[in-house]
Amino acid sequence: IHRFEISNMIMPEFSVWKAEEMEGGYQFEILVKPEENQAVAIEHLHQKILTGLGYKTLKHLSDKYLIDNAIQIDKEQYSLNSVGTCQIQHVEEENQVYLVIDGKNIPLHDFGRALTTFEGFNMDFQMRDLSEEVLGKDTVLRRVSINPDVIIEHFEKSLSWFLEGDFLSYKHASACGEALFERIEQLELLCKYGNKEEAVAVGNKMKKRLISVEHDTEDFPDYLLNVLDCYSGTSLLQTKDGGQSWKSMINGKIEPLVTMGKMKESLDPELYTGNHHFDGADFVFLDGYWYDSETGQFGNKYVISYQQRVNDGVATNPSQPIIQVYNENRLPAVEGKAWVNYICPKDIGNMTYMDIDNYLSNLAVQFVSSRGIRGTLNLKTNQWSFNQ
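Residues numbered from 1 in each chain as written. Predicted model: local features only at pLDDT ≥ 70, side-chain atom pairs only at ≥ 80, totals over all residues. Heavy atoms only, no water.

**Q** Account for the overall build of the protein chain, with residues named and values stated.
**A** Along its length, the protein chain carries seven helices and 23 strands. Considering the protein chain as a whole, with its 388 residues, one finds that 43% of them fall into the buried category. Expressed as a percentage of contacts within the protein chain between residues at least 6 apart in sequence, the contacts between residues at least 24 apart total 50%. Total accessible area on the protein chain is roughly 22,500 Å²; 50% of this is exposed by carbon and sulfur atoms. (Helix = DSSP H or I, 4+ residues; strand = E, 2+ residues; numbered from the N terminus. Buried < 20%, exposed > 50% of the residue type's maximum accessible area, 1.4 Å probe, protein only. Contact = heavy atoms within 4.5 Å. Areas by Shrake-Rupley, 256 points an atom, 1.4 Å probe, with all protein chains shown as cover.)

Put into C-alpha cells, the structure is as follows:
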C-alpha cells in the first residue's frame, strides 16, 4: 500500500499540486492554470500516481543464489530493465547521493554495479522536471529533434490545423492551445539541451506568430505567451521588430553592442504608455512574476536600467546609471515595496549593454558601459562588481 501526502501551492500563472509518498520515495507533481477546475487537476495527479506506480525500472530476480551485480533490497535481488526512470536525491546529513527507483533509494555504487549487465551498450539519459509526464506501462523514450527550423515547422503545422485563413475561432481555441503546448515543449528541450540564443530566437518567432493570429477569444494567446517566456528564459519587453534589436550575451561575447538609442526606439510605446516606470528606460526585461502570499497580489516583474532618474526632486549623476527591480501593480506604490533602485556606486558612463545571467535564480545583471567597463549587480546580495 502506498500512502501519499497531497499539497497545493498557487502561483500567479500556475497551480502546483504535489504528491509525496509518506513511507517511500515516490514523488509526483503537476502544473495547471489557477482558473482551471482543480478537481480535474487532482484527478490528473491521481492518474499520474497510478501510472508511475505501475511502471517498474527494477526487475525482480527469483534466483536463490547471490548475484554479484544485482541490487540488494530487503533480502531481495533486482536487476535493471533496459528502459527506466529515476529521481536524483541528495541526502545532506549523509552527504550521499541516491537514485530513487521504484520508490526505493539506490546508492550510486549499487546502480553502477547493476549497469554492468549492459556492458558494451550505449546509455542515453535526459533530465526532466518533476511536473512532466512520467513513464508508464508500454512507454519508451524516443529521440526528439531540437533543430530550430524543425521546431518552427511543427509549430506552424499544428497551428494551421485550427485556423480558417488566419483566424482562430473560440470553438477551437482550447484544442489549439493543447496542440501548441506540445510544440512549445520542444522549445523547452532546445532551451535545456541546446543553444540558449537559438531558443530565445525560436521563442520570439513563436510569440510574434501567435500575436499575429486574429481571434474572437478572451485570453488567447496570453497563456501561451507566458509559457514561452518561462521556457525561453528572460525576455525583452515586446519590441516592434520582434526582439531582433536585442542580442544576448553568449559565453561572455557581446555581438552586436546595443545602443541606448536603438533600444529605446525599438520599444513599442503601446505596451507601457501611462506607466512612468518605463519613462526614460534604456533596457527593459520582463523577468517572470512576483507574488505576495499574504495579500494574494501578483504581477509582472521587470528589471529596468536608466541613465538618470529624479529622486526627491534631485537628478542623479548620469555617469552612475540605475538598475531598478519593478513589481508592476504592487501596492502600496512606493519605493522599497513596489520597486527598488540600485544606483551604481562608480562613475562608469552610460550602459550600452545589459543582460540577466542565471535567470531562474535571478542572480545577476551583467552590463557594459560606454567607457568599456564591464560589471555585475548581484540581485541577491545587492553588491556591484566591476572589471575594467
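**Q** Could you give me a rundown of the nonpolar core, with the residues and numbers involved?
**A** L168, M206 and L210 are the most contacted members of the largest nonpolar core, which totals 26 residues. Among the elements of the structure, α3 (148-160), α4 (170-193), α5 (196-212) and α6 (222-232) are those that each provide at least two residues to this core. Among the elements that take part in this core, α4 stands out by supplying eight residues, more than any other. With residues up to four places along the chain from it excluded, the contact list for M206 reads I151, I152, F155, R183, I184, L187 and L228. The next biggest cluster of nonpolar side chains, apart from the first, holds 16 residues, and it includes C344, M351, V365 and L379. (Core = buried A, V, L, I, M, F, W, Y, C linked by side-chain atoms within 4.5 Å.)

**Q** How would you sum up the packing of α3 against α5? Please name residues and give values.
**A** At a minimum axis distance of 10 Å, the contact between α3 and α5 shows a crossing angle of 20°. In terms of their interaxial angle, α3 and α5 are classed as roughly parallel. Read as a crossing pair, α3 and α5 show a hand that is right-handed. Contacts between α3 and α5 involve P148, I151, I152, F155, E156 and L159 on the former and, on the latter, E198, V202, K205, M206, R209 and L210. Within the contact of α3 with α5, the residues separate by chemical class into eight nonpolar, no polar and four charged. (Axes fitted to C-alpha atoms, helices over the stretch in contact; angles between N-to-C directions. Parallel < 35°, antiparallel > 145°, perpendicular 65-115°, else oblique. Left-handed = near helix turned anticlockwise from the far one by under 90°. Nonpolar A, V, L, I, M, F, W, Y, C, P; charged D, E, K, R; others polar.)

**Q** Report on a negative patch on the surface, specifying residues and quantitative values.
**A** A contiguous patch of negative charge, built from E35, E36, E133, E178, E182, E185, E218, D219 and D222, is present on the exposed surface. Top contributing element to the negative patch by residue count: α4, with three residues. Mapped onto the elements, E178 comes out in helix α4. (Patch = residues over 30% accessible without salt bridge, like charges linked within 9 Å, V, L, I, M, F, W, Y side chains within 5 Å. Salt bridge = Lys/Arg side-chain N within 4 Å of Asp/Glu carboxyl O. Lys, Arg positive; Asp, Glu negative; His and termini not counted. Charge placed at Lys NZ, Arg CZ, Asp CG, Glu CD.)

**Q** Run through the environment of N329, naming residues and quoting values.
**A** Tracing the backbone shows N329 in the loop between β18 (322-327) and β19 (339-343). Discounting residues that sit within four places of it in the chain, N329 has contacts with W290 and Q297.

**Q** Describe in detail the sheet that holds strand β1 (residues 4-10), supporting the description with residues and values.
**A** One open sheet accounts for three strands, arranged β1-β2-β3; its pairing is antiparallel. Two strands in the sheet have a free side with no partner beyond their single neighbour: β1 and β3 (27-32). For this sheet, the mean angle separating the axes of adjacent strands, direction not counted, is 15°. Judged from the six bridges that link them, strand β2 (residues 15-21) and β3 form a sheet pairing that is antiparallel. Of the residues in β3, the one forming a bridge with S15 is V32. Packed on one face of the sheet, helix α1 (residues 38-54) meets β1, β2 and β3 and runs near 145° to β3. (Pairing = 2+ DSSP bridges.)

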